[in-house]
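# Structural features, examined
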Amino acid sequence: MRVAQVVGKLAAGGVEAVVNTYYRRLDHTRIQFDYFIDEDSPCEPPEKLIALGARYYRIPPTTRPIARVLALRRLFAQNCYPIVHAHMTTLNLPVLLAARWAGVPVRISHAHSTSAPGEGARGLLKGLLRPTARLFATHFMACGQATAQWMFPRRLIDAGRVTILPNAVDVGRFRFSEAVRTQARARLGLQSSLVVGHVGRFMRQKNHAFLLEIFAALHARRPDAVLLLVGDGELRAGVEAQAAALGLTDCVRFLGIRHDLQRLYCAMDVFVLPSFYEGLPVVGVEAQACGLPCLVSDAVDAHTAVCDAVRFLPLRAGAQSWARAVEALAAPVRARQSGAQAVRRAGLDIGDTVQQLSGLYEALAAGGGRHD
């Protein structure tokens, strides 16, 4: 059975990382994925997944909605998918419309994030589009309870119509290693530094501007501190300019898109996620699987915390308070190997949740789109 996965832009992170993690662990003799990605994606499809049987189709981006619907409808009909899984949250409508038009029996609307005050026109647009993401869907999913409550009406949740599928990770892949840490820090020239890390696309949601303010306050207290920024995106140039204006060019490393996150997590001392909003951020779970203490915005789903060394702080607390919290989290010597067990106990190991997803797909396909 081939399932159509519509993930938007391929950018080596976010939603696609979650879908890829599930795909790697599926039984490929039973279920295969076809990915539908925006034609202006900054990254190329991973050869390793193609070798496993995945197929990739490039489609017009969301800025061309009519062309997008027509292309999706044609490809959905051509491949006769039993299931289309839309991962675009509030932008799921064109996908689901095309799937309905093509006669796809199972159409899943999946929410991966929420919203927050202060987004201006973007937040207003999300609010307007949110009800449309339910149209033409037969089934509903969310990465966590907070996201489900934000995205879907109470009647659907109370009726058991919304499936919670957590953003699980491959715990074995992110397990802490002292040997890897030593090697990674040596390669980065950070043997004796206080290493603060962040992984995320350079977009407003991730709040890089405030992260740099936090780090500037920390660096004034700890001149040995270094900030690793992993990712890319439309706001990167502005963040680089801000780092230069703050006099932080020599101690803020822009690492770009990386495929060795386990090594980088091992090298870090504290992980900081000051997002304006999140669903259940996969990078937060990965960091905890590597035993990293995490400082996280209280706008992030509280279920993200599965380890004791996670602290939530409101953004309004200010950069100085965040800097003191980073320093406090870095101070204790921790047994980081315990992080992997904590993530497993929380039910966020991909080995457990992949069975939930594959079983759901097979049941839905067999039921022909019916729901209770």
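Residues numbered from 1 in each chain as written. Predicted model: local features only at pLDDT ≥ 70, side-chain atom pairs only at ≥ 80, totals over all residues. Heavy atoms only, no water.

Per an unreviewed UniProt entry, the chain carries the name Glycosyltransferase family 1 protein and comes from Candidatus Onthenecus intestinigallinarum.

### Let's talk about helix α3 (residues 65-79)
Counted only if it meets this: Secondary structure elements follow DSSP: runs of H or I of four or more residues count as helices, runs of E of two or more count as strands, with numbering from the N terminus. For a helix, the expected span equals 1.5 Å multiplied by the number of residues minus one. The contact criterion used throughout is that any non-hydrogen atoms of two residues lie within 4.5 Å.
Along its 15 residues, α3 runs 21 Å from first to last C-alpha, staying within 8% of the 21 Å computed at 1.5 Å per residue. Of the surrounding elements, those touching the buried residues of α3 are β1 (2-8), β2 (32-38), β3 (55-59), β4 (83-86) and α4 (93-101). Immediately downstream of α3, the backbone of C80 shows phi near 50°, a positive value.

### Describing the sheet that holds β3
Where we set the bar: Note on pairing: two strands pair once DSSP finds at least 2 bridges between them. Every axis corresponds to a line fitted to the C-alpha atoms, with the helix fit spanning only the stretch in contact, and the corresponding angles, defined between N-to-C directions, vary from 0 to 180 degrees.
With respect to topology, seven strands assemble into an open sheet ordered β3-β2-β1-β4-β5-β6-β7, the strand pairing being parallel. Edge strands, defined here as strands with exactly one partner in the open sheet, are β3 and β7 (162-164). On average, adjacent strands in this sheet sit at an angle of 25° to one another, irrespective of strand direction. Two elements, β4 and strand β5 (residues 106-111), share four bridges in a ladder whose sense is parallel. Looking at β5, one finds that H85 is bridged to I108. Of the strands in this sheet, β1, β4 and β5 are in contact with α4, which crosses β5 at around 175°. On the sheet, helix α16 (residues 350-367) packs against β1, β2, β4, β5, β6 (139-142) and β7 and is oriented at approximately 135° with respect to β4.

### Some points on the pattern of salt bridges
Heads up, the condition is: We define a salt bridge as a contact between a side-chain nitrogen of Lys or Arg and a carboxyl oxygen of Asp or Glu at a distance within 4 Å. The buried label goes to any residue with under 20% of its type's maximum accessible area, the exposed label to any with over 50%, and the partly exposed label to all in between, with areas taken from a 1.4 Å probe on protein chains only.
All chains considered together, the criterion is met by 20 salt bridges. Where R222 meets D224, a salt bridge forms, and the shortest distance between an N and an O atom there is 2.9 Å. A salt bridge links E240 to R236; the shortest N-O distance between them is 3.0 Å. Taken together, the residues span about one helical turn, with E240 and R236 both in helix α11 (residues 236-245) at a distance of four residues. When its relative accessible area of 31% is taken as the criterion, E240 is described as partly exposed. Looking at R236, the relative accessible area reads 19%, which means it is buried. Salt bridges sharing partners connect three or more residues here, namely K9, D38, D40 and R68.

### As for unusual backbone geometry
Of note in the backbone geometry, T89 takes a positive phi value of approximately 55° without being a glycine. Within the secondary structure, T89 sits in the loop between β4 and α4. One non-glycine residue, N207, adopts positive backbone phi at about 65°. Secondary-structure assignment places N207 in the loop between β8 (194-199) and α10 (208-221).

### Re the nonpolar core
As a reminder, the rule being used: Note on terminology: a nonpolar core comprises buried Ala, Val, Leu, Ile, Met, Phe, Trp, Tyr and Cys residues joined through side-chain atoms within 4.5 Å.
The biggest cluster of nonpolar side chains holds 66 residues, and the ones touching the most others in it are F33, Y35, Y265, M268 and F271. Once you skip the residues sitting within four places of it in the chain, F33 turns out to touch R2, V3, Q5, V19, Y23, L26, G53, A54, R55, L357 and Y361. Ranked by size, the runner-up nonpolar core spans 30 residues in total, among them V69, L96, A99 and A133.

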